[in-house]
Amino acid sequence: DEVTLALYDRVAMGDQLMMLRWTVQEEADPTKTAMTADEAVEEFQEALIKNRSGGGGNAGMSASELATLEEERKRIMEERSQWEKQKEQIITQRNEEEYQRAMQAVDNAILDLLPKIKEAKQIVDLMNRVTMSFDVVLEKGSNGPNSPRAPQDPQQALASQIPRVKICVENSSPKLSIVIDPQEFLPKLALLKDELMKLRSAIDAGRTYEIPERHDPLYLMFDNDFHLGTATHWPEYLLYNLETDEEERMQEIKNVAVPYNTVGLLEVKWTPLSSPNDDPSDPASFAGPILEVEKEEDLLGKPWTYNLTIVRATDLPVFCDSAYISYDFFGENFTTENVQQTTFSPVFEYHKVHHIPCVTQEFLAYLKGSIEMQIHVTQHIDPPLDKINTDNPIVAESIRTGEPKGYEMNDKVKRPKTEAEIRCEQLTKDLSDAREMNSSLTRHIQQLEEKLRQYEPNHVSVLTELHHVPRGSLSRPTSSAVGHAGSRLRDAQIIDHVVNG
């Protein structure tokens, strides 16, 4: 017999279960969706059970046999349900274990980097770059729900939530800041160590040496393109062919690393078009009217066209030499021109027409998510006032003695405390706490002895005895000492009665 198959029909042959897929037909009718493999298997098993119990070769079965078969079916379904629950628990437990291992790796990376950033600080101090500081920070691990890099697999999605370890380098004067990967930081640290060794060798040998300008810690660390922050845009209103409201054009730019604070604003505008050839600045050039959309399903199977304008970024915390924006739209990456502007507010005036010939359910779901626009900048760096060479007296004396002399010349920067100074402060605090506790205990004893004198007027204060009993009297017990010990025992019993009742 011949059977006409429709799109997404299932066919079982032997131990094979197949589904009819046809790309052209699927695109023509995006309202239909395919079953998942699990759903198809479940449908097939239920059909087999119904066939056995409903007459497919079982018409002669008695009522009791049919009831037994139905009970067997229910038992199988219950076992399957329990198995599904156990499977979910196993996956959840495995994901949690993976997460804990990943977080442990993050902790280990931080512990490995802490001594390295301390070493970097010591080196730049000896080179008279005492205004620089280093710190380990965490960057958000998620790539965003709509990013093509956002994994669909649950385990990969969980891994994408793990924060990434970064190095934050700052300079207080002039104000500079950058966040870089450890893989970029470690080669720079190795280069600084080499330059320090060359300076030390030249000083010991009485030779002259100057490090190359691009090896100066200021240029080495800060003269790099880096991801400053991310502006998250919520495009759900684009489902209805609406233009960006005036008050919603300015999007907050969030810091790429902890504390994820606002570091500027990004002006973004979406304009609906009737076709990809329309001129966004001239509505008279539009090929036709903009489609009016009352509900999102009205877009299915129809074209969707918008012009995106990224105007400018404002109030950035760094003085830029160049800047550009990178973003993903429906699985494709786009980048603006790298504008060369020395400013805190670079202007992009970027225009891009995004066109979808046939809207699908997948695209509707995409617009309900978010679009992350990453701001990348390169900072403007003024030439340092001094050179790092053996003729620089501050550099030479710092390397010769091992003590950074730049702090003595710069009253705006405080020298970091040494481990000995930190330990001394901690011991001083502990001693102060111990003295305070001792005073509190002394006052408490005095209060208890006042109560004790109500029962024994001739009681001798324990505090007085501690200060006035001669050491020699403790060398061996005497009859008076024994009597005194008995008195102390009675005192202890009375104090216990007063305190504990």
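Numbering of residues starts from 1 in each chain and follows the order in which that chain's sequence is written. Under the rules for a predicted model, residues below a pLDDT of 70 receive no local features and side-chain atom pairs below 80 are neither given nor counted, while totals for whole chains, interfaces and linings still include all residues. Excluded from the side-chain calculation are hydrogens and water; included are all heavy atoms of the structure.

A.B. asks: Sorry, what's going on with the overall build of the protein here?
C.D. replies: Helix and strand counts for the protein come out as 12 helices and 14 strands. Scored against the burial criterion, the 501 residues of the protein give a buried share of 34%. In the protein, 69% of the contacts between residues at least 6 apart in sequence involve partners at least 24 apart. When the accessible surface of the protein is summed, it comes to about 30900 Å², and 52% of that surface belongs to carbon and sulfur atoms. Secondary structure is summarised from DSSP: a helix means a run of H or I of at least four residues, a strand means a run of E of at least two, and numbering begins at the N terminus for each. Each residue's exposure class comes from its accessible area (1.4 Å probe, protein chains only) as a fraction of the maximum for that residue type: buried when under 20%, exposed when over 50%, partly exposed otherwise. A contact between two residues is defined here by any heavy atoms of the two lying within 4.5 Å. We get accessible surface area from the Shrake-Rupley algorithm with a probe of 1.4 Å; when it comes to residues, only the shown protein chains can shield them.

A.B. asks: What exactly am I supposed to notice about the environment of Ile371 here?
C.D. replies: By the secondary structure assignment, Ile371 is in strand β14 (residues 371-379). Residue classification places Ile371 among the buried residues on the basis of a relative accessible area of 1%. Between the C-alpha atoms of Ile371 and Trp234, which are 137 residues apart in sequence, the distance is 6.4 Å. With sequence-adjacent residues up to four places away left out, Ile371 is seen in contact with Ala231, Thr232, His233, Pro235, Trp270, Tyr327, Asp328, Phe329 and Tyr366.

A.B. asks: Could you clarify how one ought to interpret the sheet that holds strand β5 (residues 176-180) in this entry?
C.D. replies: Picture the strands of a sheet paired through backbone hydrogen bonds; they go either parallel or antiparallel. Strand pairing is defined by DSSP finding a minimum of two bridges between the two strands. Strands sit in the order β3-β4-β5 across an open sheet of 3 strands; the sheet is antiparallel. Each end of this open sheet is capped by a strand with a single partner; those strands are β3 (132-139) and β5. On average, each strand axis in the sheet is tilted by 20 degrees relative to the strand beside it, whichever way the strands run. Where helix α5 (residues 182-205) meets the sheet, its contacts fall on β3, β4 (164-171) and β5, and the angle it forms with β4 comes to roughly 50 degrees. Comment: axis = line fitted to C-alpha atoms, over the contacting stretch for helices; angle = value between 0 and 180 degrees taken between N-to-C directions.

A.B. asks: How should I be thinking about α5 in this particular structure?
C.D. replies: Each α-helix turn comprises 3.6 residues. Residues three or four places apart therefore point the same way. With 24 residues, α5 extends 34 Å between its outermost C-alpha atoms, agreeing within 8% with the 34 Å of an ideal straight helix rising 1.5 Å per residue. Considered for burial, the residues of α5 that qualify are Pro182, Phe185, Lys188, Leu189, Leu192, Glu195, Leu196, Leu199, Ala202 and Ile203. Looking at the residues trailing α5, positive phi occurs at Gly206, about 75 degrees. Multiply 1.5 Å by the residue count of a helix minus one, and that product is the helix's expected span.

A.B. asks: Please explain the pattern of salt bridges as it appears in this structure.
C.D. replies: Two side chains with opposite charge may pair up if their charged atoms get near one another. By definition here, a salt bridge exists when the distance from a side-chain nitrogen of Lys or Arg to a carboxyl oxygen of Asp or Glu is within 4 Å. Within the structure shown, the criterion is met by 18 salt bridges. When the shortest N-O distance is used, the salt bridge between Lys166 and Asp181 registers 2.0 Å. With a gap of 15 residues between them, Lys166 in strand β4 and Asp181 in the loop between β5 and α5 connect regions that are remote in the sequence. Classification of Asp181 by relative accessible area gives partly exposed; the value is 25%. Lys269 is paired through a salt bridge with Glu243; the nearest N and O atoms lie 3.5 Å apart. Remark: Glu243 occurs in the loop between β6 (226-233) and β7 (250-255) and Lys269 occurs in strand β8 (residues 262-272); sequence separation between them is 26 residues.

A.B. asks: What should I look at first to understand a nonpolar patch on the surface in this one?
C.D. replies: Each patch groups residues whose relative accessible area exceeds 30% and which form no salt bridge, using 9 Å between like charges and 5 Å between nonpolar side chains of Val, Leu, Ile, Met, Phe, Trp and Tyr. Together, Leu17, Val41, Phe44 and Leu48 give the surface a local cluster of nonpolar side chains, amounting to about 280 Å² of exposed area. Here the element with the most residues in the nonpolar patch is helix α2 (residues 37-54); it accounts for 3 residues. Its location among the elements puts Leu48 in helix α2. A relative accessible area of 32% places Leu48 in the partly exposed class.

A.B. asks: What is the right way to read the nonpolar core from this model?
C.D. replies: Soluble, globular proteins show a tendency: their nonpolar side chains are buried together. In this structure, Leu266, Trp270, Trp304 and Phe329 are the most contacted members of the largest nonpolar core, which totals 77 residues. Grouping buried Ala, Val, Leu, Ile, Met, Phe, Trp, Tyr and Cys residues that are joined through side-chain atoms within 4.5 Å yields what is termed a nonpolar core. One finds Cys168, Val179, Val256 and Ala257 within the second-largest nonpolar core, a separate group that totals 5 residues.

A.B. asks: Quick question: what am I supposed to make of the pairing of β14 here?
C.D. replies: A regular strand places its side chains so that they alternate between the two faces of the sheet. With 7 of 9 residues buried, β14 lies mostly within the body of the structure. The pairing of β6 with β14 spans 7 bridges and is classified as antiparallel. Of the residues in β14, the one forming a bridge with Gly229 is Ile375. Bridge analysis of strand β10 (residues 320-329) against β14 gives 7 bridges, and the strand direction is antiparallel.

A.B. asks: Can you help me understand the side chain of Arg129 in this one?
C.D. replies: Within the secondary structure, Arg129 is located in the loop between α3 (63-126) and β3. Using a relative accessible area of 4% as the deciding quantity, one classes Arg129 as buried. Whenever a nitrogen or oxygen atom comes within 3.5 Å of another N or O atom, the pair is scored as a polar contact, on the condition that within protein one atom can donate a hydrogen and the other can accept it, and that pairs from neighbouring residues in sequence are kept only if both atoms are in side chains. At 2.8 Å, the side chain of Arg129 forms a polar contact with the side chain of Asp386. Other than its neighbours up to four places away in sequence, Arg129 contacts Val124, Asp216, Pro217, Leu218, Pro384, Asp386 and Ile388.

A.B. asks: Could you clarify how one ought to interpret unusual backbone geometry in this entry?
C.D. replies: Peptide bonds are trans in most cases, and residues, glycine excluded, mostly fall at negative phi. Look at the link from Ser173 to Pro174: it is a cis peptide, with omega at 0 degrees. By the secondary structure assignment, Pro174 is in the loop between β4 and β5. The phi angle at Tyr260 is positive, at roughly 55 degrees, despite the residue not being glycine. Along the polypeptide, Tyr260 turns up in the loop between β7 and β8. Overall, the relative accessible area of 24% leaves Tyr260 in the partly exposed class.

A.B. asks: Would you explain the packing of α5 against helix α8 (residues 393-401) in this entry?
C.D. replies: The geometry of a pair of packed helices is captured by two quantities: the angle between their axes and the separation between those axes. Here α5 crosses α8 at 90 degrees, and the two axes come no closer than 10 Å. Comparing the axis directions of α5 and α8 gives the class roughly perpendicular. Across the interface between the two elements, Leu196, Leu199, Arg200 and Ile203 from α5 touch Val395, Ala396, Ile399 and Arg400 from α8. Each residue is assigned to one class: nonpolar for Ala, Val, Leu, Ile, Met, Phe, Trp, Tyr, Cys and Pro, charged for Asp, Glu, Lys and Arg, and polar for all the others, Gly among them. Counted by class, the contact of α5 with α8 contains 6 nonpolar, no polar and 2 charged residues. In what follows, roughly perpendicular refers to angles from 65 to 115 degrees, roughly parallel to angles under 35, roughly antiparallel to angles over 145, and oblique to any angle outside these ranges.

A.B. asks: What is the right way to read the packing of aromatic side chains from this model?
C.D. replies: The description of an aromatic ring pair uses the distance of the two centres, along with the angle that the planes make with each other. Working definition: a ring pair exists when centres of Phe, Tyr or Trp rings (six-membered ring for Trp) sit within 6.5 Å. Plane angles under 30 degrees give stacked, over 60 give edge-to-face, the rest tilted. Taken as a whole and judged by the stated rule, the model has 14 aromatic pairs. Ring geometry for Trp304 and Phe363: centres 5.0 Å apart, planes at 65 degrees, overall edge-to-face. Placement of the pair is Trp304 in strand β9 (residues 304-314) and Phe363 in helix α7 (residues 361-367), with a sequence separation of 59 residues. When its relative accessible area of 0% is taken as the criterion, Phe363 is described as buried.

A.B. asks: What is the right way to read the side chain of Asn392 from this model?
C.D. replies: Note that Asn392 resides in the loop between β14 and α8. In terms of polar contacts, Asn392 uses its side chain to reach the side chain of Asp386, at 3.0 Å. The contacts of Asn392, once residues within four sequence positions are left out, are Asp386 and Lys387.

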